[in-house]
Structures are given as C-alpha cells and as structure tokens.
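# Close look at the chain arrangement
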Amino acid sequence: MDFNVKKLASDAGVFFTRAVQFTGEKFGQVEKTELDAHFENLLSRADSTKNWTEKIFRQTEVLLQPNPSARIEEFLYEKLDRTVPSRPNNGELLGHYMQDAAKDFGPGTPYGSTLIKVGDCERRLGGAQREFLQTSAISFLAPLRNFLEGDWRTISKERRLLENRRLDLDSSKARLKKAKLAESKAAVSLPSTTSPCAPSAASCNQAPAAHELRVAQTEFDRQAEVTRLLLEGISSTHVNHLRCLHEFVEAQTAYYKQCYLHMQDLQKELGRFPNAFAGNPGLSMASSGSSPQGNATLPQDAASAVETDTLKIEEVQAPATGTRKAKVLYDYDAADTSELSLLADELITVYTVPGMDSDWLVGERGNQKGRVPVTYLELLS
C-alpha cells in the first residue's frame, strides 16, 4: 500500500490546528467568526425540518405497520434490495378463517352462511388496507425517506465542511495576529542604532500568514455560498412535502370510505336474514321452563299449550301505562301470524306483557299488532 507521508503529515497538522481552535472557542480563549442572522435562521429552519420530518416518518411507519417485527423485516429486505414476500394481512387472514369455519359448520346453516358473508367482507377490507398501505408508502413515506437519506445527508456534509473552513479561517486569523504582535514587539525591543532592515525577519513571518488568511477567507466564502443555496432549498422541500401530505390524506379518505361502503353492504346483507340470529321464541320459552325435579323440560302437552297461547296475539291488550315509541333499525319479515313485519326507520309503539320472552316485545302500527324482536329496535322513550 502506497502511503503519502507528506499528505498524511499535512492532514494531521490541519486536524490538530482545528482541534486547538475548537477547544479555544469552547473555553472563550480565542475569537470565533459568527455567521450572519439570515444564515443562522436558515440553519435553525433546516434542523427543525429534519427533526420533525424524522418524527412524522417514524410515526407514519408505526401507523401503517404496527408490528415492529414486520417493520424490521421490511427494513432488512429494503437494505438488501430485495422484494418483501407477499403475505395476507390480518383482515385477509380473518376472512380466510371465517370462510373455512363456514365450510366446517355447513354453509347452509344460519351461522355458516353468515360467516361466509362476514369473511368475504373482511377479505375485501384487508384488500383495501393493502392498497392503502402501498399508496401511502409510495406517495408519502418515500418522499420523506428520500429527504432524510438524500438531501439532508448532502446538507449535513456541506455544513461539516463549512465548519472546517471556518475553523481554518479563524486559525489563520490567529496566526496573523500573532505575527503582527511579534513584529510590534520586535520593533520596540530593537535599539535605535539598529539598521532599518533588521525587522525583516518578523515581516517575513507576517507575509505568509496574510496569504494564508486570504486563501482561507476565499474558501470559507465559497463554502458558505454552497451551504446557503442548499439551506434555501428547504423551502422547496416544504412545498414537496405539502403535496405529498395532500396525497396521503386523499388515500386515507378513499380507504375509510371504501371500508364504510363494505361494512354498509355487509349490514344490508345481514339485515335480509334476521332469522339467522333472532331465534325461535317458542323454543326459547319451552327450554327455559323448569319442573320441580330441576332441569327437566316441560311435558309435550304443556309446551303445546304455551305455543298455542303465543299465537293468540290479537287477544293481547296494550297496558294503560308502560308503552314506548321505538325506531326500527332493520327490515324484518314476520315468521308467522303472531309476529309483525317491520320496515327500517319506521316508528312503532311497543310494550311487554307478563310471561313474554325478554328478547321480544309486542309492537303496534295502526291496527296491526304482533311480536317484534328487541334487537331490531331502538327504544326512544
């Protein structure tokens, strides 16, 4: 390996000089070149932009991918320049489980058919989430990452170079100042009979220091201009991030709207099949009966009597007090003549009678009367 000893020694000398200057500034023993107020404002604005962009970027990553293990995996694949393997997300996985369960329970059963519908909806929600994550990663996360890993690294590099140029400039100023002071002391200490050419040694030390200062000043001014231009470009960064933020909001709006529509469709689908979860009140009353022997069910004749009584809904009279208004939440088709069919959003009068199952009420609409399921109602008063 070929070592350039002179360059190595020169770099070591420069590093030592900068270290001495930096230490002197920290202890207030040497002078420091101050940047103008506009430049300081640009630096402060750039630092604030970097800090907040980093926080927003990290938190957006957490929002889009709450699983830290998955984020680490995506980071490693990105650094290895490899494609992240496609896997079902939580919604899609839940949908698969529900549909598989429906096959096991029987797709023709009320529970199985409902699992199929809900599972399909969950899969569609998972697909909408996948599309939202991909859109957000491209339109919002990628620009923020490009700024942090690209533009900001360039700005940081030029700022470090500017700081080195400033240390070199202040070191040159200090050396020139020492040279002038040495020349002044030499001039005072010389006897009056000494030849005028005698102080030339001190003057020879001052000339190289002055030349070195001019070179350092030129390099500092050039680097300050380069850094200023980069810092002023932060305004363009804000404009770009503003556009990306609008795209992120639009993606979120489209995603939540799509989810709402999917859930609304699912709710309508389930509303068409109320018997899937309304239950049979006759069976419920029969199964809830008890005998003196404990858990024995009612005899067949007694159960038939109960069922016969529930069909005589026309004999039920509204109580003098205790009636309430209710809003119908979903459409309901009566299973038999003892029940009252309902239309969503209509208002009916409801009340309870002794011995009725707690899951049911008596509903009245004009001259029509019948049992209605409580789960389909919103009691208003």
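What you are looking at is a predicted structure, and each value in this text was computed from that prediction instead of being measured. (Residues numbered from 1 in each chain as written. Predicted model: local features only at pLDDT ≥ 70, side-chain atom pairs only at ≥ 80, totals over all residues. Heavy atoms only, no water.)

On to the overall build of the protein chain. Across its full length, the protein chain carries ten helices and five strands. The buried share among the 381 residues of the protein chain stands at 29%. Taking contacts inside the protein chain between residues at least 6 apart in sequence as the whole, the part at least 24 apart equals 70%. Approximately 24,900 Å² of the protein chain is accessible, and the part contributed by carbon and sulfur atoms is 57%. (Helix = DSSP H or I, 4+ residues; strand = E, 2+ residues; numbered from the N terminus. Buried < 20%, exposed > 50% of the residue type's maximum accessible area, 1.4 Å probe, protein only. Contact = heavy atoms within 4.5 Å. Areas by Shrake-Rupley, 256 points an atom, 1.4 Å probe, with all protein chains shown as cover.)

For the rest of this paragraph, the subject is the layout of surface pockets. A water-sized probe rolled over the atoms picks out the places where empty space is left. Here the largest pocket is characterised by a volume of approximately 1,700 Å³. Considering the residues around the largest pocket, the lining is formed by 47 residues, among which Gln65, Ala70, Glu74, Val84 and Leu133 are closest to the centre. Those elements giving two or more residues to the lining of the largest pocket turn out to be helix 2 (37–64), helix 3 (68–79), helix 4 (90–105), helix 5 (110–189) and helix 7 (234–271). If one sorts the elements of the lining of the largest pocket by residue count, helix 5 sits on top with 14 residues. By residue class, the composition of the lining of the largest pocket is 22 nonpolar, nine polar and 16 charged. (1 Å grid on protein atoms, 1.4 Å probe; cavity = no way out; pocket = protein on both sides within 12 Å on 5 of 7 lines; lining within 4 Å. Points joined across faces, edges and corners; volume = space filled by probe spheres on them. Nonpolar A, V, L, I, M, F, W, Y, C, P; charged D, E, K, R; others polar.)

Okay, the packing of helix 2 against helix 5 next. For the pair helix 2 and helix 5, interaxial distance at closest approach is 10 Å and the crossing angle is 150°. Classified by the angle between their axes, helix 2 and helix 5 sit roughly antiparallel to one another. Helix-helix and strand crossings are classified by hand; for helix 2 and helix 5 the assignment is left-handed. Of the residues contributing to the contact of helix 2 with helix 5, the split by class is 15 nonpolar, four polar and six charged. (Axes fitted to C-alpha atoms, helices over the stretch in contact; angles between N-to-C directions. Parallel < 35°, antiparallel > 145°, perpendicular 65-115°, else oblique. Left-handed = near helix turned anticlockwise from the far one by under 90°.)

This part is about helix 3. Here helix 3 is twelve residues long and its end C-alpha atoms lie 17 Å apart, about the 16 Å a rise of 1.5 Å per residue gives. Phi turns positive, to about 60°, at aspartate 81, one or two residues after helix 3. (Expected span 1.5 Å × (residues − 1).)

This paragraph deals with the pattern of salt bridges. If you walk through the whole model with that rule in mind, you get 17 salt bridges. Across the pair arginine 159 and aspartate 47 runs a salt bridge, and its minimum N-O distance is 2.7 Å. Taken together, the residues arginine 159 in helix 5 and aspartate 47 in helix 2 connect sequence positions 112 residues apart. Note on aspartate 47: relative accessible area 28%, which makes it partly exposed. (Salt bridge = Lys/Arg side-chain N within 4 Å of Asp/Glu carboxyl O.)

This next bit is on the nonpolar core. As a rule of thumb, nonpolar side chains are buried together in soluble globular proteins. Within the largest apolar cluster, 37 residues are counted, with the highest numbers of intra-cluster contacts made by Phe132 and Leu231. For this core, the elements supplying multiple residues, two or more each, are helix 2, helix 4, helix 5, helix 6 (200–232) and helix 7. With 16 residues, helix 5 is the largest single contributor of residues to this core. Those residues in contact with phenylalanine 132 that lie beyond four places of it in its chain are Leu64, Phe248, Ala251, Gln252 and Tyr255. The next biggest cluster of nonpolar side chains, apart from the first, holds 17 residues, and it includes Leu342, Val350, Val353 and Trp360. (Core = buried A, V, L, I, M, F, W, Y, C linked by side-chain atoms within 4.5 Å.)

As a further point, take the sheet that holds strand 2 (residues 347–351). The antiparallel open sheet is built from five strands, whose spatial order is 4-3-2-1-5. Bordering the open sheet on either side are strand 4 (368–373) and strand 5 (377–379), each of which pairs with just one other strand. Averaged over all pairs of adjacent strands, the angle between their axes in this sheet comes to 40°, without regard to strand direction. Sheet topology places strand 3 (residues 360–365) next to strand 4; six bridges connect them, and they run antiparallel. (Pairing = 2+ DSSP bridges.)

Now for the packing of aromatic side chains. Scanning the model with the defined rule gives eight aromatic pairs in all. Summarising the aromatic geometry, the rings of phenylalanine 132 and tyrosine 255 are spaced 4.8 Å apart at their centres and angled 5° between planes, so their arrangement reads as stacked. Here phenylalanine 132, found in helix 5, pairs with tyrosine 255, found in helix 7; they are 123 residues apart in sequence, far enough to count as distant. You'll find phenylalanine 132 and tyrosine 255 in the same group, each marked buried. A ring pair is formed by tyrosine 255 and tyrosine 256, whose centres lie 5.1 Å apart and whose planes are at 50°; its orientation type is tilted. For tyrosine 255, a relative accessible area of 15% puts it in the buried group. Members of the aromatic cluster, connected to one another through ring pairs, are Phe132, Phe140, Phe248, Tyr255 and Tyr256. Note that lysine 55 overlies the ring of tryptophan 52, its terminal NZ or CZ placed 4.6 Å from the centroid. (Phe/Tyr/Trp six-rings, centres within 6.5 Å; stacked < 30°, edge-to-face > 60°. Lys NZ or Arg CZ within 6 Å of the ring centre and 35° of its normal.)

Moving on: the packing of helix 5 against helix 7. At their nearest, the axes of helix 5 and helix 7 sit 9 Å apart, and the two run at 175° to each other. Judged on the interaxial angle alone, helix 7 and helix 5 are roughly antiparallel. A class-by-class count of the residues in the contact of helix 5 with helix 7 yields 20 nonpolar, eleven polar and five charged.

Once that is clear, we can look at the environment of tyrosine 332. Summarising the element assignment, tyrosine 332 is placed in the loop between strand 1 (324–328) and strand 2. A polar contact of 2.5 Å, which involves the side chain of tyrosine 332, links it to the side chain of glutamate 339. (Polar contact = N/O pair within 3.5 Å; in protein donor to acceptor, adjacent residues only side chain to side chain.)

Let us now look at the side chain of serine 136. If you trace the backbone, serine 136 turns up in helix 5. Among residues more than four places away in sequence, those in contact with serine 136 are Leu64, Leu141, Phe248 and Ala251.

For the rest of this paragraph, the subject is the confidence of the model for the protein chain. Per-residue confidence for the protein chain averages 82 on the pLDDT scale, and 81% of its residues sit at or above 70. Mean pLDDT per element in the protein chain: helix 9 (residues 281–288) is the minimum at 40, and helix 2 is the maximum at 95. pLDDT under 50 marks residues 274–311. Its contacts with residues more than four places away, or in other chains, come to 28 contacts. (pLDDT = per-residue confidence, 0-100.)

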